[in-house]
Amino acid sequence: MRKLKIGIIGCGNISSIYMENCPKFPHLELVACADLDVQRAQLQAEKFGIPNAYSVEELLSDPEIELVINLTIPKAHASVSIQALEAGKHVYTEKPLAVTREEGKRILETAKKHNLLVGSAPDTFLGAGIQTAIHLIEQGEIGIPIGASAFMIGRGHEHWHPDPAFYYDIGGGPMFDMGPYYLTALVALLGPIKRISGSARISYQERTILSAPKAGTKMKVSIPTHISGVIDFASGVIGSITTSFDAFGGSTLPPIEIYGSEGTLLVPDPNTFDGPVKLRKRDEQEFKEVPLAYGYNDNNRGLGVADMAKAILEGGNYRANSELAYHVLEAMYGFQDSSDSDKHYIMESTCERPESLSLERKNS
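Residues numbered from 1 in each chain as written. Predicted model: local features only at pLDDT ≥ 70, side-chain atom pairs only at ≥ 80, totals over all residues. Heavy atoms only, no water.

S.K.: Would you take a moment to explain the packing of aromatic side chains for this structure?
M.R.: Two aromatic rings, taken as a pair, are described by how far apart their centres are and by the angle between their planes. Inspection of every chain in the model, using the stated rule, returns four aromatic pairs. Their ring planes at 70 degrees and their centres at 4.9 Å tell us that phenylalanine 176 and tyrosine 333 sit as a pair that is edge-to-face. Linking phenylalanine 176 in helix α7 (residues 173-177) with tyrosine 333 in helix α10 (residues 322-341), this pair joins segments that are 157 residues apart in sequence. This pair shows no difference in class: phenylalanine 176 is buried, exactly as tyrosine 333 is. Ring centres of tyrosine 204 and phenylalanine 248 lie 5.5 Å apart, and the angle between their planes is 45 degrees; on these two criteria the pair is classed as tilted. Taken together, the residues span a long stretch of sequence, with tyrosine 204 in the loop between β8 (193-201) and β9 (206-208) and phenylalanine 248 in the loop between β12 (238-244) and β13 (256-260) at a distance of 44 residues. Accessibility expressed as a relative area gives 37% for phenylalanine 248, which makes it partly exposed. (Phe/Tyr/Trp six-rings, centres within 6.5 Å; stacked < 30°, edge-to-face > 60°. Helix = DSSP H or I, 4+ residues; strand = E, 2+ residues; numbered from the N terminus. Buried < 20%, exposed > 50% of the residue type's maximum accessible area, 1.4 Å probe, protein only.)

Right under this line is the structure:
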């Protein structure tokens, strides 16, 4: 298999792990990076041995680059992805796909117009932990799935992030920041969503940054910071989810649980690639940890890029695809729409449940 030449746009915090991981995949060749701050791009290129540090325009005009990894801030995801597609390049973007459904649709339409592929993080559902959980469900270890619950309960990013304001703007909040991990994992485990009901609130209209270098700065909050909802899956499974930046005292709730006719499955944190995975069968007295059946149990961000690149080079499907990403984007807005309208939100989109990895890839 030949190598696919890749460029990264956006050289902020998340870029380092992509730059570290891309060379680990034999069919990826990271040849350039770019940022609005060219000096930042130059520093990352030097640190990770990337041949070219470009401006955004230079990267998009380089004819050798076939795929762009878009690591810009969420509000720029759509504009940068569309620019890259218009330049004739496939795109893989950090989550979320876009910050509005209209922008998400425009990305998909532009990709279709140019016969290009779009992929999107998160790809953590391809890690050893969630893939092992999927395998257990597929093997009937919990019987018929009936219900699910998911919890992402935290105290907000102003406690640690150096510049957290965008987490409280449109495209931020716990649902848009962390919801993609949880909803993508749930769809990978249980299939697409049919309808949603939700309640959402902004608990504090203003928050204070507590971390350096902007400690003491006040931030206006423009996005709900506590959201709870019920998810009706097309399969008949009923799930619930709560995401919050308002739990200043913390939480002990599990990330994801799946309830079946023959047992309960504890699914690991969907923001990681690792375990543990725990299973309790109908007649057992306690949960037992299940050995991970797959590889990719480190921080393998970029695995979705590698899977997508293989589809570009060889044909076939890829898992962290645009239909899945848009379905998750629509669902995140569905909770807010339901809360605002006092009625169920009926999903317009659907997607295929991503194909699970083959066990042969355990030691990849």
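So much for the structure itself; the text now carries on.
S.K.: Can you walk me through the layout of surface pockets in this structure?
M.R.: Rolled over the atoms, a probe with the dimensions of a water molecule shows which regions are left empty. In this structure, the largest pocket occupies an estimated 1,100 Å³ of space. Lining the largest pocket are 37 residues; nearest its centre among them are Ile14, Leu71, Thr72, Ile73 and Phe166. Top contributing element to the lining of the largest pocket by residue count: helix α4 (residues 77-86), with three residues. Tallied by class, residues from the lining of the largest pocket come to 18 nonpolar, 11 polar and eight charged. Of the volumes computed, that of the second largest pocket is approximately 460 Å³. Lining of the second largest pocket is provided by 20 residues; of these, Asn317, Tyr318, Asn321, Ser322 and Glu323 occupy positions nearest its centre. Mapped onto the lining of the second largest pocket, the elements with two or more residues apiece are α5 (101-113) and α10. Top contributing element to the lining of the second largest pocket by residue count: α5, with five residues. Looking at the lining of the second largest pocket residue by residue, the class counts come to eight nonpolar, four polar and eight charged. (1 Å grid on protein atoms, 1.4 Å probe; cavity = no way out; pocket = protein on both sides within 12 Å on 5 of 7 lines; lining within 4 Å. Points joined across faces, edges and corners; volume = space filled by probe spheres on them. Nonpolar A, V, L, I, M, F, W, Y, C, P; charged D, E, K, R; others polar.)

The quantities given are spatial measurements derived from coordinates; they are silent on function.
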